[in-house]
Amino acid sequence: MAAEPVNVNEFEELARQALPKMYYDYYRGGAEDQHTLKENVEAFQRITIRPRVLVDVSRIDLSTTVLGYKISAPIMIAPTAMHKLAHPEGEVATARAAAAHNTIMVLSYMSTCTIEEVASSCNAVQFFQIYMYKRRDITANLVQRAERCGYKAIVLTVDTPRLGRREADIKNKMIAPQLKNFEGLISTEVSSDDGSNLEAFAKDTFDASLSWKDIGWLRSITNLPVLIKGVVTHEDAIKAIEVGVDGIVVSNHGARQLDYAPATISVLEEVVDAVKGKVPVLFDGGIRRGTDVFKALALGAQAVLIGRPAVYGLAAKGEYGVKTVIEMLKNELELAMALSGCPALKDISRNHVRTHHERLHSML
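Keep in mind the model is a prediction, meaning the values are calculated, not measured. (Residues numbered from 1 in each chain as written. Predicted model: local features only at pLDDT ≥ 70, side-chain atom pairs only at ≥ 80, totals over all residues. Heavy atoms only, no water.)

Asker: Please clarify how the overall build of the protein should be interpreted in this entry.
Answerer: Helix and strand content of the protein: 14 helices and 12 strands. Taken against the 2.2 N^0.38 rule, which gives 21 Å for 364 residues, the C-alpha radius of gyration of the protein at 20 Å falls within 12% of a compact globule. Across the 364 residues that make up the protein, the buried fraction comes to 56%. A separation of at least 24 residues holds for 72% of the contacts in the protein among residues at least 6 apart in sequence. Just so you have it, the protein exposes about 15,600 Å², and 51% of that area is on carbon and sulfur atoms. Positive and negative side-chain charges of the protein, numbering 42 and 44 respectively, have mean locations separated by a distance of 2 Å. (Helix = DSSP H or I, 4+ residues; strand = E, 2+ residues; numbered from the N terminus. Rg over C-alpha atoms; globule rule 2.2 N^0.38 Å. Buried < 20%, exposed > 50% of the residue type's maximum accessible area, 1.4 Å probe, protein only. Contact = heavy atoms within 4.5 Å. Areas by Shrake-Rupley, 256 points an atom, 1.4 Å probe, with all protein chains shown as cover. Lys, Arg positive; Asp, Glu negative; His and termini not counted. Charge placed at Lys NZ, Arg CZ, Asp CG, Glu CD.)

Structure follows, in structure tokens:
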């Protein structure tokens, strides 16, 4: 029997072995040249940690709060689509793993288990991610169902007026299953002769005219806090605050939208500086190690979200795999905090990291 994985990257290899090529390529892939996909991970490797010694680290506290909800560690589950392609239990298994770790899962609108199934599968704080549809009644239906089921926030993805060009999916003629959240609302069985049917579905349903003024409409139809996901610039962070969002997720969609967009860790601080503490800033893109989590927190994120690592855990070992991935990252973060002289998250400061830019600057 193969040795148990000892880190998140080894789960990716197990997922590759477990999944049909079409589905592995779908989860793993990025847009076009996949430059940003590589950069999301590699940009972390250019940030160094400045450890402080002779601090009492006999007790380490990883807990924090997001929108007032206490979580055991600053590691949440990012919204990713169609978990039943990875494992027959789908999003229900992922949700139970998040609940076991007392953390928050953001359910994707493109889930293969329904909003209702995931809500009733476990007792946990969950957020729900949506897009804005050409037919606003579809958006309203999903939001109101999520609110009724006890989801605690809406996360609007704003970087997808059109779907990015994911060439592996086009080559593989990636077919999305019928999505249960849309039953009775819209058909997701779009035929497309030249490539991925996901692309055809997005073109038919996503609203490319979405603009800042539409955030007000979304806030008007729900009592839940609204976060926007997909902000990577100072300018958009300022606009987001102006229109009254309740939180920002710094994200480039796992490098699946605009290739040559910056690695998210390289722009996190720019967004944090613009927000000035008015709302929580969450982070996703490229987290593979506890040290990555530490670096994101040092640069101002309140918590990080993991996308592909959770899916790889799910594909390899179901609910247990997702639990193990979260556990690995928590354990690595705890160790990084101890070795850096940070007994609690509030002790992780900007002085604990040096960015690539700062190191270059100091050499001049």
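Asker: What exactly am I supposed to notice about the nonpolar core here?
Answerer: Grouped burial of nonpolar side chains is what soluble globular proteins tend to show. Counting 102 residues, the largest nonpolar core has Phe-128, Ile-248, Leu-268 and Phe-283 as its most contacted members. When residues no more than four places from it in sequence are discounted, the contact partners of Leu-268 are Val-250, Val-281, Phe-283, Ala-296, Leu-299 and Ala-301. Among the nonpolar cores identified, the runner-up in size contains 14 residues, and Ile-104, Val-155, Leu-227 and Leu-282 belong to it. (Core = buried A, V, L, I, M, F, W, Y, C linked by side-chain atoms within 4.5 Å.)

Asker: Explanation requested: the pairing of strand E10 (residues 281–284) in the structure shown.
Answerer: In the case of a regular strand, side chains alternate between the two sheet surfaces. Neither face of E10 is open: one carries Val-281 and Phe-283, the other Leu-282 and Asp-284, and all of them are buried. Judged from the 3 bridges that link them, strand E9 (residues 247–250) and E10 form a sheet pairing that is parallel. Following the sheet pairing, Ile-248 is matched in E10 by Val-281. Of the pairings in the sheet, the one linking E10 to strand E11 (residues 303–306) comprises 3 bridges and is parallel in character. Residue Leu-282 lies in a different strand from E11, and its bridge partner there is Ala-303. Between the parallel pair E10 and E11, the chain is carried across by helix H12 (residues 290–298), and the sense of this crossover is right-handed. (Pairing = 2+ DSSP bridges. Right-handed = clockwise from strand over helix to strand, strands pointing away.)

Asker: When you look at empty space enclosed by the protein in this model, what are you seeing that I'm missing?
Answerer: In this approach, a probe sized like a water molecule rolls over the atoms, and the result shows the empty space that is left. Enumeration over the complete set of coordinates arrives at 2 cavities of 30 Å³ or more. Pro-79, Thr-80, Ala-81, His-253 and Arg-256 are the residues nearest the centre of the largest cavity, which is lined by 38 residues in total. Those elements that provide at least two residues to the lining of the largest cavity are helix H2 (21–28), helix H3 (35–45), helix H8 (197–205), E11 and helix H13 (308–340). Each residue belonging to the lining of the largest cavity can be placed in one class, and the counts come to 21 nonpolar, 11 polar and 6 charged. (1 Å grid on protein atoms, 1.4 Å probe; cavity = no way out; pocket = protein on both sides within 12 Å on 5 of 7 lines; lining within 4 Å. Points joined across faces, edges and corners; volume = space filled by probe spheres on them. Nonpolar A, V, L, I, M, F, W, Y, C, P; charged D, E, K, R; others polar.)

Asker: Would you explain a negative patch on the surface in this entry?
Answerer: Where like charges cluster on the molecular surface, the negative patch consists of Glu-235, Asp-236, Glu-270 and Asp-273. Elements supplying a minimum of two residues to the negative patch: helix H10 (234–242) and helix H11 (264–275). Its location among the elements puts Asp-273 in helix H11. Taking relative accessible area as the criterion, Asp-273 reaches 47% and is therefore assigned partly exposed. (Patch = residues over 30% accessible without salt bridge, like charges linked within 9 Å, V, L, I, M, F, W, Y side chains within 5 Å. Salt bridge = Lys/Arg side-chain N within 4 Å of Asp/Glu carboxyl O.)

Asker: Got a minute to help me understand the pattern of salt bridges in this structure?
Answerer: Oppositely charged side chains may form a pair once their charged atoms are brought near each other. Within the structure shown, the criterion is met by 15 salt bridges. One salt bridge connects Glu-39 with Arg-46, and the closest N-O pair in it is separated by 2.7 Å. Note on Glu-39: relative accessible area 19%, which makes it buried. Linking Glu-116 and Arg-145 is a salt bridge whose minimum nitrogen-to-oxygen distance equals 2.9 Å. Here the residue Glu-116 occupies a position in helix H5 (residues 115–121), and Arg-145 occupies one in helix H6 (residues 136–148), the gap between them amounting to 29 residues.

Asker: Sorry, what's going on with the environment of Tyr-69 here?
Answerer: Along the polypeptide, Tyr-69 turns up in strand E3 (residues 69–71). By relative accessible area, which is 26% here, Tyr-69 ends up partly exposed. Taking the C-alpha atoms as reference points, Tyr-69 and Ala-18, separated by 51 residues in sequence, lie 35 Å from one another. Residues in contact with Tyr-69, not counting those within four places in the same chain, are Thr-64, Ile-104, Val-125 and Lys-152.

Asker: Would you mind showing me how to read the UniProt feature "binding site: glyoxylate" (unreviewed entry) in the protein here?
Answerer: Those places that UniProt annotates as "binding site: glyoxylate" (unreviewed entry) correspond, in this numbering, to Tyr-26, Tyr-131, Arg-166, His-253 and Arg-256. The annotated residues named above include Tyr-26, Tyr-131, Arg-166, His-253 and Arg-256 as those lining the largest cavity. Counting through the fold element by element, Tyr-26 comes out in helix H2. For Tyr-26, a relative accessible area of 6% corresponds to the buried category. Mapped onto the secondary structure, His-253 falls in the loop between E9 and H11. Ignoring anything within four residues of it in the chain, the contact list for His-253 reads Tyr-131, Thr-157, Asp-159, Thr-160 and Arg-166. (UniProt positions renumbered as here; feature names shortened; annotations may be inferred.)

Asker: Would you mind going over the state of the cysteines with me for this structure?
Answerer: In a disulfide, the sulfur atoms of two cysteines are covalently bonded to one another. Here the structure, examined in full by the defined rule, presents 0 disulfides. With no disulfide of its own, Cys-122 has Cys-113 as its nearest cysteine by sulfur position, at a separation of 11 Å. Overall, Cys-122 belongs to the buried group, its relative accessible area being 16%. Cysteine Cys-149 is unpaired, with the sulfur of Cys-122 as its nearest cysteine sulfur at 12 Å. Given a relative accessible area of 27%, Cys-149 falls into the partly exposed group. (Disulfide = S-S within 2.5 Å.)

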